[in-house]
Amino acid sequence: MTRFLFGNRFNLKNNSMKYHISSSLFVLFCIVLCACNSSSVEKDGIIQPAFDLIERQIGERATGIQLEEIAPENGKETFEVEAKNGILTLRGSSSVAICYAFHTYLREACSAMKTWSGEHMELPETWLDFVLKKQTTPYEYRYFLNVCTFGYTTPYWDWERWEKEIDWMALRGVNMPLATVASEAIAERVWLKMGLKEEDIRAFFTGPAHLPWHRMGNLNGWDGPLTDGWQKEQIKLQHKILNRMRELGMEPIAPAFAGFVPTAFAERHPEIQFKHLEWGGFDEKYNAYVLPPETPYFKEIGKLFIEEWEKEFGKNTYYLSDSFNEMKLPVAEGDDDGKHKLLAQYGESIYHSIAAGNPDAVWVTQGWTFGYQHDFWDRASLQALLSRVPDDKMIIIDLGNDYPKWVWDTEQTWKNHDGFYGKKWIFSYVPNFGGKTPMTGDLQMYATSSSEALHSANAGNLVGFGSAPEGLENNEVVYELLADMGWTADSIDLDSWLPVYCKARYGGCPAAMDSAWQRFKETVYSSLYSYPRFTWQTVVPDTRRISKLDVSDSFLQGVELFLSCADSLESSSLYVNDAIEYASYYLAAKADDCYKRALKEDSLGNRVAAMQQLDRSVEILLDVDKLLASHPLYRLEEWVDMARDWGKTDLEKDVYEANAKRLITTWGGFQEDYAARFWSGLIKDYYIPRMKLYFSEQRADLDRWEENWIKAPWHNTSTSFEDPLQSAIKLVERYKEE
C-alpha cells in the first residue's frame, strides 16, 4: 500500500508548494517505498491527480487530507473514507475512486457539495469524524456524456469550463467519458490524404452546434462551414481535455470512421454504389452518402482516421462508431436475407477499419437506435451486425433504458436481446433530450433498474453503468442519484437518500422541504417524456412531438412548500437558485394555462378574449424572465457569450452566435423548438415576441421573423429583481389562483 499525507509530514505537490523534508530523509523514504512496493513509482500518479483535483475544490484545506492507495476488490475500483480526531483519510484504487470518496465524505459528513449551478461548501474547521465506509463498484466502467451533448451543451465551451466538467465527472466516479472534440480537424486530414480539396472538405462540415449530427451521419453542411482557426483551436482544446482525463486515469472514448463521406468523395468515385440516406426532414443535399461495406475504401479510410487521431493525441483504446443512428438501412423491403448479410458486412467492416489503425482498439457503439427503431432491429438483425466482431473487441452502450417504459412501450433493449449476445455492454440512461430544462425524470426507476439488470441471469456481459444526457446543467438531483448508482449493486432507498441530498445541497431539510420533495418525487420526478415543453414555447401545439409536463396541483403545492423554507435556508445560494427555478416553473405553468385559453379563443374567433389571455400570459412570463435573470444557468446571455468568445473577428462572432441560437430555436429540418430552453432573455426576446406575432396580422411572417432573430446579434436587456427569492415567493402567492 502506498501512502501519502499531504500536509504535516510529506508534501509532494510539485511546483506550487515547497518540500518540507530533508534530502536524506527523502532518499530513505524512496528506498523504503520501493522495497514495499516495486511498482510504486508508476502508481504515484493515482494520488497526485486526486490531490490536485481536491485542491481545486477546497484550496489549502486539501493539504490536511491523507490520501492512500489501496488495491481494487476483485478487479473493481474501491474506495474507503474514514475520519478520526480531525484527520480525514481517503483511500482508493484509482484517482477517480479517491475523488468519489471525497465527494461522498463532503455530502454525508459535511452536508456539502459542488454542482453545476453553484455550491454549498460550509466546511467545518476540523474534519468531522466519519465511521469507516468502504465501497466497491460492481462496474468496470462508469460512462458519461452523449454524442449530442457536444451540440446541446458543450460546442462552445473553453478549457476553463471543460476543466470544471472533468472535475465534476471525477467527483462522481466517472471513468469513461466520451471525447469527440476536434473530430473534424482529424477528419479533414484524412480527406486531404484521400485527394479532396480543402474547400470541399470544409463544405462537408456543419456549424459547431450541429456537429454531433454530422458525426452520426445525419447531417452535412448545415450552418457551416468551419474555419481554419476553429480547427486549430479545437485541436488545442482536445489536447487539454484528453491530458486531464488520462491524468485522472479515465478511459476516453474517441471518434472513429462510420462510413459517411463528403459529397466530393462520392462524385470522385462514380464506380462506387453509395447509399444516400435521409434524416430529420432536411433537403437531400444535406443528407449523408455512406460507403458500401465491401469497398476497400472503408478499411483504408477507417485506418487513416485512427492513425491520424493517435498521431495527434496518442494511443487510445475505445473508439465510437455509429453508422445508422435513427436512419433506415439501405436494404430492400422484405429482403431479410439481404438485410442480415449487409448488417454482418457493416459490422465486420467497421470493426476491421478500426482494428487496422489500432489492433488493440475496442469498437464502442451507441445502442440507442436498437431500441428507438426496435421494429427494424429484431433479434436476427442485431445478431447479424454483431456476428463478425470478437466479443472482447466491442462495447454496446445501451443508451436509453428509461425510454422503453415511458415512450417505446417495450421491454428494455438488453432484455429483448439477451444481454447483447455475449458482447460487453453498458447500462445507461438518457435523462435529457435537447438540453430541455423543465423538472423531469423517474427517480424510482433510476434508483432500481440497473440493480435489476446486475442481478439478472440474462444480463450477459454487463461491464458498465452510465448516463448519456443530451443536455447538461439541469435536473441535478437525477445526476447525483445516477452517480451513486454507478457504485452500488443494490437499489437505493429514496426516502433515506433524498434528505441527505437536501442537507448537502441546501444545508438543511426541514419538514416542509421533505414534504416538498415527496411531492416532486411523485409528480415531475415520477415522469419522463421526450418533449417536456410549455405550449408558449412552441407557439402552437406540436403535433409531431407532443409536449408533456407534469405540473399538477400536487407539484404546485410542492413548490409552495419548498418556498416556505426560505426563512431557515435563505443563506444557501443553492436553495435560492432552486427556489427561483421552481417558482419560475410554477409561474410558467400558470402562463401556459392563459396561453392555451388564448389559442382556444382565437380558434373560435373571439379576438378580444384571446388578446386578454395572451396579455395575461405575457405579463406572467415577463416576471419569469426577470426571475431567471438571477439564475446562474438559465440565461441566454451565457450561451451567446460562450459562442461569441470563439470568434476572432466581429463576423466570426456573429456567425457563431447565430449557430448557437439556431440550435435552441428553429434547429433545422422538422426539429423546430426541439431544444426549447427555459432561459431569461430567450423568454423576453424570442418566445414573447413570437407569441405576439402569431396573434397579430403578421402571423404569416413567423418564419422570416425567426430567421432574422437568429442572424441579428442579440443584446441582453433582461434585468433581475433586487431580491429574487422574496420576489419568487410574492409572485407565486400573487398568481396562485390564476
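First things first, this report covers the structure right here in the doc. Being a predicted model, the structure only gives us computed values, none of them experimental.

This part covers the overall build of the protein. Check the secondary structure of the protein and you find 30 helices and 20 strands. Whereas a compact globule of 738 residues would reach a radius of gyration of roughly 27 Å, the protein reaches 26 Å, a difference of no more than 12%. In terms of overall dimensions, the protein has a C-alpha envelope of 90 × 75 × 55 Å along the principal axes. In the protein, which comprises 738 residues, the share counted as buried stands at 60%. Within the protein, residue pairs in contact and separated by at least 24 positions form 76% of the contacts whose partners lie at least 6 positions apart. As displayed, the protein offers around 28100 Å² of accessible surface, 48% of which is attributable to carbon and sulfur atoms. In the protein, 77 positive and 109 negative side-chain charges are present, and the distance between their average locations comes to 2 Å.

Turning next to unusual backbone geometry. Following Gly-224, the chain continues into Pro-225 via a peptide bond in cis, with omega recorded as 0°. Even without glycine at this site, Tyr-421 takes up a positive phi of about 55°. With respect to the helices and strands, the residue Tyr-421 is situated in the loop between helix H16 (413-416) and strand S17 (424-429). Despite not being glycine, Asp-673 has its phi angle at roughly 65°, a positive value. Within the secondary structure layout, Asp-673 lies in the loop between helix H27 (650-663) and helix H28 (682-694).

Summarising the element assignment, Ser-727 is placed in helix H30 (residues 724-734). If near-sequence neighbours (up to four positions away) are discounted, Ser-727 is found in contact with Leu-627 and Phe-721.

Counting buried positions along strand S15 (residues 362-366) gives five out of five residues, so the element sits mostly inside the fold. Of the two faces of S15, both are covered, the one formed by Val-362, Val-364 and Gln-366 as well as the one formed by Trp-363 and Thr-365. Running through helix H12 (residues 336-357), the crossover from strand S14 (residues 318-320) to the neighbouring parallel element S15 is right-handed. In this structure, S15 lies alongside strand S16 (residues 394-398), joined through four bridges in parallel fashion. Residue pairing across strands places Val-364 opposite Ile-395, the latter belonging to S16.

In this section: the sheet that holds strand S12 (residues 275-276). Strand order across the open sheet formed by three strands is S11-S13-S12, with antiparallel pairing between neighbours. Of all strands in the sheet, those with a lone pairing partner are strand S11 (260-261) and S12, marking the two edges. In terms of strand pairing, S12 meets strand S13 (residues 289-290) through two bridges, oriented antiparallel. Bridge pairing in S13 places His-276 opposite Tyr-289.

This part covers the environment of Thr-206. Looking at the element boundaries, Thr-206 is found in the loop between helix H7 (198-204) and helix H8 (211-215). Among residues more than four places away in sequence, those in contact with Thr-206 are Leu-211, His-214, Leu-219, Asn-220, Gly-221, Trp-222, Asp-223, Gly-224 and Leu-226. Looking at Thr-206, its side chain comes within polar contact range of the main-chain oxygen of His-210, at 3.3 Å. Looking at Thr-206, its side chain comes within polar contact range of the main-chain nitrogen of Leu-211, at 3.3 Å.

So, on to the environment of Asp-398. Note that Asp-398 resides in strand S16. Taking the C-alpha atoms as reference, Asp-398 lies 37 Å from Pro-270; in sequence the two are 128 residues apart. When sequence neighbours within four positions are dropped, the list of residues in contact with Asp-398 reads Thr-413, Trp-414, Phe-420, Trp-425, Ile-426, Phe-427 and Ser-428. Here the side chain of Asp-398 touches Trp-414 through a polar contact of 3.4 Å, landing on its backbone nitrogen.

Moving on: the packing of aromatic side chains. The full count for this structure, using the stated rule, is 77 aromatic pairs. A centroid spacing of 6.2 Å and a plane angle of 10° characterise the contact between Phe-427 and Phe-465, whose relative ring orientation is stacked. Here Phe-427 is found in strand S17, whereas its partner Phe-465 is found in strand S19 (residues 461-467), with 38 residues between them in sequence. By relative accessible area, Phe-465 is classed as buried at 2%. Connected via pairs of aromatic rings, a cluster forms that spans Trp-191, Phe-257, Phe-265, Phe-274, Tyr-289, Tyr-297, Phe-298, Phe-305, Phe-324 and Tyr-346. One cation-aromatic arrangement involves Lys-661 over Trp-709; the distance from NZ or CZ to the ring centre is 4.7 Å.

With that out of the way, let us pick up the sheet that holds S17. Spatial strand order, S9-S8-S19-S17-S16-S15-S14-S10: eight strands in an open sheet with parallel pairing. In this open sheet, the two edge strands, each paired with only one partner strand, are strand S9 (176-177) and strand S10 (253-255). In this structure, S10 lies alongside S14, joined through three bridges in parallel fashion. Across the sheet, Ala-254 pairs through a bridge with Tyr-319, a residue of S14.

It is at 12 Å that the axes of helix H3 (residues 95-110) and helix H19 (residues 476-485) come closest, and there the two elements cross at 125°. Put simply, H3 runs oblique to H19. Every pair of crossing elements has a handedness; the one defined by H3 and H19 is left-handed. Of H19, the residues touching H3 (which contributes Tyr-100, His-103 and Arg-107) are Glu-480, Ala-483 and Asp-484. Residues of the contact of H3 with H19, tallied by class, amount to two nonpolar, one polar and three charged.

If you look at the biggest cluster of nonpolar residues, it comprises 253 residues, and the most contacted ones within it are Trp-191, Trp-517, Phe-520 and Trp-536. For Trp-517, the contacting residues outside a window of four places in its chain are Val-477, Leu-498, Tyr-501, Cys-502, Tyr-506, Tyr-525, Phe-562 and Tyr-582.

Looking now at the packing of helix H9 (residues 228-247) against helix H11 (residues 296-313). Across the interface, H9 lies against H11 with an axial gap of 10 Å and an inter-helix angle of 75°. For the element pair H9 / H11, the angle class is roughly perpendicular. Here Ile-235, Gln-238, His-239, Leu-242 and Arg-246 of H9 come into contact with H11, specifically with Trp-309, Glu-312 and Phe-313. For the contact of H9 with H11, the per-class residue count stands at four nonpolar, two polar and two charged.

Our next topic: the environment of Leu-549. Note that Leu-549 resides in the loop between strand S20 (526-527) and helix H22 (553-563). Measuring from C-alpha to C-alpha, the distance between Leu-549 and Ala-589 comes to 9.2 Å, with 40 residues separating the pair along the chain.

Before going further, it helps to examine H30. For H30, the complete set of buried residues consists of Pro-724, Leu-725, Ser-727, Ala-728, Leu-731 and Val-732. The buried side chains of H30 occupy one side of the element, clustering within an arc of 160° when seen end-on. Exposed and facing more than 90 degrees away from the buried side of H30 are Lys-730, Glu-733 and Arg-734. Looking at the buried positions of H30, the neighbouring elements they touch are H22, helix H23 (566-569), helix H24 (573-603) and helix H25 (607-628).

Another aspect to go through is the state of the cysteines. Simply put, the disulfide is a covalent bond whose two ends are the sulfur atoms of two cysteines. The full count for this structure, using the stated rule, is zero disulfides. Take Cys-99: it sits in no disulfide, and the sulfur closest to it among the cysteines is that of Cys-110, at 16 Å. Using a relative accessible area of 0% as the deciding quantity, one classes Cys-99 as buried.

Parameters at a glance
- Residues numbered from 1 in each chain as written.
- Predicted model: local features only at pLDDT ≥ 70, side-chain atom pairs only at ≥ 80, totals over all residues.
- Heavy atoms only, no water.
- Helix = DSSP H or I, 4+ residues; strand = E, 2+ residues; numbered from the N terminus.
- Rg over C-alpha atoms; globule rule 2.2 N^0.38 Å.
- Buried < 20%, exposed > 50% of the residue type's maximum accessible area, 1.4 Å probe, protein only.
- Contact = heavy atoms within 4.5 Å.
- Areas by Shrake-Rupley, 256 points an atom, 1.4 Å probe, with all protein chains shown as cover.
- Lys, Arg positive; Asp, Glu negative; His and termini not counted.
- Charge placed at Lys NZ, Arg CZ, Asp CG, Glu CD.
- Right-handed = clockwise from strand over helix to strand, strands pointing away.
- Pairing = 2+ DSSP bridges.
- Polar contact = N/O pair within 3.5 Å; in protein donor to acceptor, adjacent residues only side chain to side chain.
- Phe/Tyr/Trp six-rings, centres within 6.5 Å; stacked < 30°, edge-to-face > 60°.
- Lys NZ or Arg CZ within 6 Å of the ring centre and 35° of its normal.
- Axes fitted to C-alpha atoms, helices over the stretch in contact; angles between N-to-C directions.
- Parallel < 35°, antiparallel > 145°, perpendicular 65-115°, else oblique.
- Left-handed = near helix turned anticlockwise from the far one by under 90°.
- Nonpolar A, V, L, I, M, F, W, Y, C, P; charged D, E, K, R; others polar.
- Core = buried A, V, L, I, M, F, W, Y, C linked by side-chain atoms within 4.5 Å.
- Arc of directions from axis to C-beta.
- Disulfide = S-S within 2.5 Å.

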